[in-house]
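# Topology and contacts: notes
Read off the chains here:
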Amino acid sequence: MSFSVLGTGMYVPPNIVTNDDISKFVDTNDEWVMQRVGVKQRHFSINETTDEMGYKAALAALENSGVKAEEIDLILAASISGESISPSVSCMIQNRLGVSCMTMDVSAACAAFVFLLETAAGFFARGKAKKVLIVGAERLSRILDWEDRGTCVIFADGAGAVVLGEGDSYIDSIFDVRGGSDVIDIPQDIGKSPFYEGTQKKPFIHMAGQETFKFAVNAICHDTTKILERQGLSFEDIQYIVPHQANKRIIDFASVKLKLPQEKFYVNIERYGNTSSASIPIALDEMNRKGMLHKGDLLLLPAFGGGLASATCLLKW
Ligand code: UT7
């Protein structure tokens, strides 16, 4: 027993920011960002918190699934940009929904959505949950260095959610963690202890772009191929690859390396930027509402990012 997806939802704040808008803060331009990252516009929160956006995505997913908030046994959330370490984002979403189920956050940066699915699968397997709400919610604008043109043009705000029920749709998964802060680091404030002698690194996203890029392309190619091998399947059996939307060029490189047409990959980074843990559930919700997904379709969801961590799963719709 694992789970099936009962419904999807997403929320992005209404404030749309173009590359030209960002060029007022840092030395960049629309042509560079479109060519090197593939982002045209993104949404940035003006007054909504991470959990508020997560809550709105959750409401949309509940409505889409026909499941009532009171039926949810477990809320799993992921965020690297929540305003509070405690209460966690999942606690705050539970509070906003007015329910009393168990909640838990999982920290795995941009790969987190697949970590959340894996965690949910364990609860279903042990019969500990019949309905699970999963949310990836990010206000990355809060942790961006607005003087670093290498990151502030990439990341964005938004939330995606799915509602899961008992089923057999979570077929296989693969995880690779290479712990270390040398490639991606998002330090917290070191605090004011009179005893501590560490030095403060700016509490923003620090990213070695090219190392991350290589890790990401390798992760997509290796993980998807490995899962298909294990399952005795080929890419022809897969309707769509729905990757973490980190950079359009990462997806283009992977499609060339895997010798797959670009249409095999769902891409929406042009409109939303990189929303970390929210990017795959946002993509799934768009596909779902466009009627692109049919019962029995096989999807590969490759995710990768800070940790470094990568995680890919094979999911039957
Ligand atoms: O979701 C989590 C995982 N994150 C990712 O997967 C991100 C992976 N990495 C990337 O997406 C890319 O490496 C970046 C978009 C971050 C950077 O692209 P790049 O092609 O690797 O550029 P680069 O860092 O090698 O920089 C090339 C040039 C440099 O100028 P010089 O030194 O050649 O004169 C940069 O200063 O482009 C310059 N540059 C920019 N120019 C205009 C860097 N950022 C910008 C910018 N606008 N925003």
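Residues numbered from 1 in each chain as written. Predicted model: local features only at pLDDT ≥ 70, side-chain atom pairs only at ≥ 80, totals over all residues. Heavy atoms only, no water.

Spatially, the five strands line up as an open sheet ordered β1-β7-β6-β4-β5, and their pairing is mixed. Edge positions in the sheet fall to β1 (2-11) and β5 (102-105), since each has one partner strand and no second. Geometrically, the sheet is characterised by an average inter-axis angle of 20° between neighbouring strands, direction not taken into account. When β1 meets strand β7 (residues 157-167), the two strands line up antiparallel, connected through nine bridges. Bridging across to β7, Val-5 finds its partner in Leu-164. The strands that helix α4 (residues 89-97) touches are β4 (74-78), β5 and β6 (131-139); relative to β5, the one it contacts most, it runs at about 145°. The sheet contacts of helix α5 (residues 112-125) involve β1, β4, β5, β6 and β7, and relative to β6 the element is tilted by about 160°. (Pairing = 2+ DSSP bridges. Helix = DSSP H or I, 4+ residues; strand = E, 2+ residues; numbered from the N terminus. Axes fitted to C-alpha atoms, helices over the stretch in contact; angles between N-to-C directions. Contact = heavy atoms within 4.5 Å.)

Once that is clear, we can look at the side chain of Glu-286. Secondary-structure assignment places Glu-286 in helix α10 (residues 279-289). Polar contacts involving the side chain of Glu-286 include one to the side chain of Tyr-272, which spans 2.6 Å. (Polar contact = N/O pair within 3.5 Å; in protein donor to acceptor, adjacent residues only side chain to side chain.)

Counting buried residues along strand β12 (residues 298-305), eight of its eight residues qualify, which places the element largely inside the surrounding structure. Of the two faces of β12, the one lined by Leu-298, Leu-300, Pro-302 and Phe-304 and the one lined by Leu-299, Leu-301, Ala-303 and Gly-305 are each fully buried. Here two bridges tie strand β11 (residues 240-241) to β12, and the two strands are oriented parallel to one another. Looking at the pairing, Tyr-240 lines up with Leu-299 of β12. Bridging between β12 and strand β13 (residues 309-316) involves eight bridges; their strand directions are antiparallel. Paired with Leu-298 across the bridge in β13 is Lys-316. Hairpin connection from β12 to β13: three residues lie between these consecutive antiparallel strands, with Gly-307 at a positive phi of about 145°. (Buried < 20%, exposed > 50% of the residue type's maximum accessible area, 1.4 Å probe, protein only.)

With that settled, the discussion passes to the sheet that holds β12. Strand order in the open sheet made by the four strands is β8-β13-β12-β11, with mixed pairing throughout. The open sheet has two edge strands, β8 (170-177) and β11, and neither has a second partner. By the bridge criterion, seven bridges tie β8 to β13 in an arrangement that is antiparallel. What sits directly across from Tyr-170, in β13, is Leu-315. Contacting β8, β12 and β13, helix α7 (residues 209-231) crosses the sheet at an angle of about 140° to β8.

Once that is clear, we can look at the pattern of salt bridges. Side chains carrying opposite charge are able to pair once their charged atoms draw close together. Inspection of the entire model under this criterion finds 15 salt bridges. For the salt bridge of Asp-285 with Arg-289, the shortest nitrogen-to-oxygen distance reads 2.7 Å. In this pair, Asp-285 and Arg-289 are both assigned in helix α10, four residues apart and thus about one turn of the helix distant. Here Asp-285 falls in the buried class, since its relative accessible area comes to 3%. (Salt bridge = Lys/Arg side-chain N within 4 Å of Asp/Glu carboxyl O.)

What follows covers the environment of Asp-182. Inspection of the secondary structure puts Asp-182 in the loop between β8 and β9 (184-185). As for Asp-182 and Glu-211, which are separated by 29 residues in sequence, their C-alpha atoms are 9.7 Å apart.

With respect to spatial proximity, 22 residues lie near the ligand, and among them Thr-28, Arg-36, Gln-210, Asn-247 and Asn-274 are the closest. Between the ligand and the protein, one listed contact pairs a nitrogen atom with a side-chain N or O atom of Thr-28 at 2.6 Å. In the model, an oxygen atom of the ligand is placed 2.6 Å from a nitrogen or oxygen of the Arg-36 side chain. When isolated, the ligand has an accessible area of 950 Å², and the protein chains bury 73% of it. Breaking the shell around the ligand down by element, the ones donating at least two residues are α2 (30-36), α6 (149-152), α7 and α8 (248-257). Here the shell around the ligand is built from residues that sort into ten nonpolar, eight polar and four charged. Counting only domains with at least three residues in the shell around the ligand, you end up with domain 1 (4-167) and domain 2 (172-189 + 198-316). (Near = heavy atom within 4 Å. Areas by Shrake-Rupley, 256 points an atom, 1.4 Å probe, with all protein chains shown as cover. Nonpolar A, V, L, I, M, F, W, Y, C, P; charged D, E, K, R; others polar. Domains from an automatic or database assignment.)

Another point: α8. Considered for burial, the residues of α8 that qualify are Ile-250, Ile-251, Asp-252, Ala-254 and Ser-255. Among the structural elements, α7 and β12 are those in contact with the buried residues of α8. Capping the start of α8, Asn-247 holds a side-chain oxygen 2.7 Å from the backbone nitrogen of Arg-249, two or three residues further along. Once α8 finishes, Lys-259 follows within two positions and takes phi at roughly 55°, a positive value.

This part covers the domain arrangement of the chain. According to the domain assignment, the chain consists of domain 1 (4-167) and domain 2 (172-189 + 198-316). For domain 1 versus domain 2, the separation of C-alpha centres amounts to 15 Å. A combined buried area of about 3600 Å² lies between domain 1 and domain 2, and 64% of that area is made up of carbon and sulfur atoms. Measuring nitrogen to oxygen at the nearest pair gives 2.9 Å for the salt bridge that ties Asp-145 to Lys-202. Residue assignment for the side of domain 1 that touches domain 2 shows that the elements contributing at least two residues are β1, α2, β3 (41-43), α3 (50-65), α5, β6, α6 and β7. (Buried area = accessible area lost by both parts, 1.4 Å probe.)

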